[in-house]
Amino acid sequence: MKDNLLRDKGGESEKITINLGYVDLGRIDVLVQEGFYSNRTDFIRTAIRNQLTAEAEAVKQSIDRHSLELGLRDYSRAELEALKAAGERLHIKVVGLARIASDVTPELALATIESITVLGALQASTELKSALAKRIR
């Protein structure tokens with residue numbers, strides 16, 4: 001399954017912070033102490049993956065309905081230059097990770113990228129993100 005390939009790439013992840021109540025945290029610690037999970041992070045990752053599996057059909061339907069790309073999507077300078085030469089504009093819609101190459105100039109991005117919607121993470125230079133700020137949803 002495509003999302004398993006994404007999940008297994010250890011270095012490609014985003015750090016998040018969550019707040020839990022003391023009772024929930026204590027219950028997680030009991031499970032860790034009893035050896036069900038190696039640590040709190042292992043429990044939380046497993047819980048998230050289980051919930052995403054349970055909601056997989058709803059996620060799939062939403063992705064299909066909104067014409068979103070799932071997974072990792074790289075946008076290269078060559079790809080954007082070809083779009084510019086063809087007079088086309090890009091609407092980026094990604095669930096996962098969208099990466100805009102570091103050699104893409106703000107001018108090229110502004111000339112070719114109409115809008116950006118990323119549910120996950122967008123990796124681009126600070127300069128590009130600033131130039132495209134009004135187009136990022």
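Our subject is the structure that appears above.
This is a predicted model, so every value here is computed, not measured.

Asker: Honestly, the overall build of the protein chain in this entry has me stumped. Any pointers?
Answerer: In terms of helices and strands, the protein chain carries seven helices and three strands. Put simply, the protein chain runs from its N terminus to its C terminus through helices and strands in the order α-α-α-α-β-α-β-α-β-α. Expected size for 137 residues packed as a compact globule is a radius of gyration near 14 Å; at 19 Å, the protein chain overshoots this value by more than 25%. When its C-alpha atoms are laid out on the principal axes, the protein chain stretches across 60 × 30 × 25 Å. Put simply, the protein chain has 137 residues, and 20% of those count as buried. Partitioning the contacts of the protein chain with sequence separation of at least 6, the portion at a separation of at least 24 is 55%.

Asker: What is the right way to look at helix α3 (residues 40-54) in this model?
Answerer: Each α-helix winds once per 3.6 residues, and so residues spaced three or four apart point in a common direction. End to end, α3 covers 21 Å across 15 residues, agreeing with the expected 21 Å (1.5 Å per residue, within 8%). With a side-chain oxygen lying 3.1 Å from the backbone nitrogen of Thr41, the N-terminal cap of α3 falls on Asn39.

Asker: Sorry, what's going on with the packing of aromatic side chains here?
Answerer: To describe a pair of aromatic rings, you give the distance between the ring centres and the angle between the ring planes. Applying the stated rule across the entire model yields one aromatic pair. Ring centres 5.1 Å apart and planes at 90 degrees place the aromatic pair Tyr37 and Phe43 in the edge-to-face group.

Asker: Help me understand the sheet that holds strand β1 (residues 69-75) in this model?
Answerer: Within a sheet, adjacent strands bond to each other through the backbone by hydrogen bonds, running parallel or antiparallel. Read across the open sheet, the three strands follow the order β1-β2-β3; overall the sheet is parallel. Both edges of this open sheet fall to β1 and β3 (113-123), since each of them pairs with a single strand only. Neighbour-to-neighbour, the strand axes of the sheet open up by a mean angle of 45 degrees, direction not taken into account. Here β1 pairs with strand β2 (residues 90-100) via seven bridges, running parallel. Looking at the pairing, Arg73 lines up with Ala98 of β2.

Asker: What exactly am I supposed to notice about the pairing of β2 here?
Answerer: Consecutive residues of a regular strand have side chains that alternate between opposite faces of the sheet. This β-α-β element, β1 to helix α5 (residues 77-86) to β2, shows right-handed connectivity. Two elements, β2 and β3, share ten bridges in a ladder whose sense is parallel. From the neighbouring strand, Gly96 faces β3, where its bridge partner is Gly120. Handedness of the β2-helix α6 (residues 106-112)-β3 crossover: right-handed.

Conventions adopted
- Residues numbered from 1 in each chain as written.
- Predicted model: local features only at pLDDT ≥ 70, side-chain atom pairs only at ≥ 80, totals over all residues.
- Heavy atoms only, no water.
- Helix = DSSP H or I, 4+ residues; strand = E, 2+ residues; numbered from the N terminus.
- Rg over C-alpha atoms; globule rule 2.2 N^0.38 Å.
- Buried < 20%, exposed > 50% of the residue type's maximum accessible area, 1.4 Å probe, protein only.
- Contact = heavy atoms within 4.5 Å.
- Expected span 1.5 Å × (residues − 1).
- Polar contact = N/O pair within 3.5 Å; in protein donor to acceptor, adjacent residues only side chain to side chain.
- Phe/Tyr/Trp six-rings, centres within 6.5 Å; stacked < 30°, edge-to-face > 60°.
- Pairing = 2+ DSSP bridges.
- Axes fitted to C-alpha atoms, helices over the stretch in contact; angles between N-to-C directions.
- Right-handed = clockwise from strand over helix to strand, strands pointing away.

Just distances and angles here, no functional claims.
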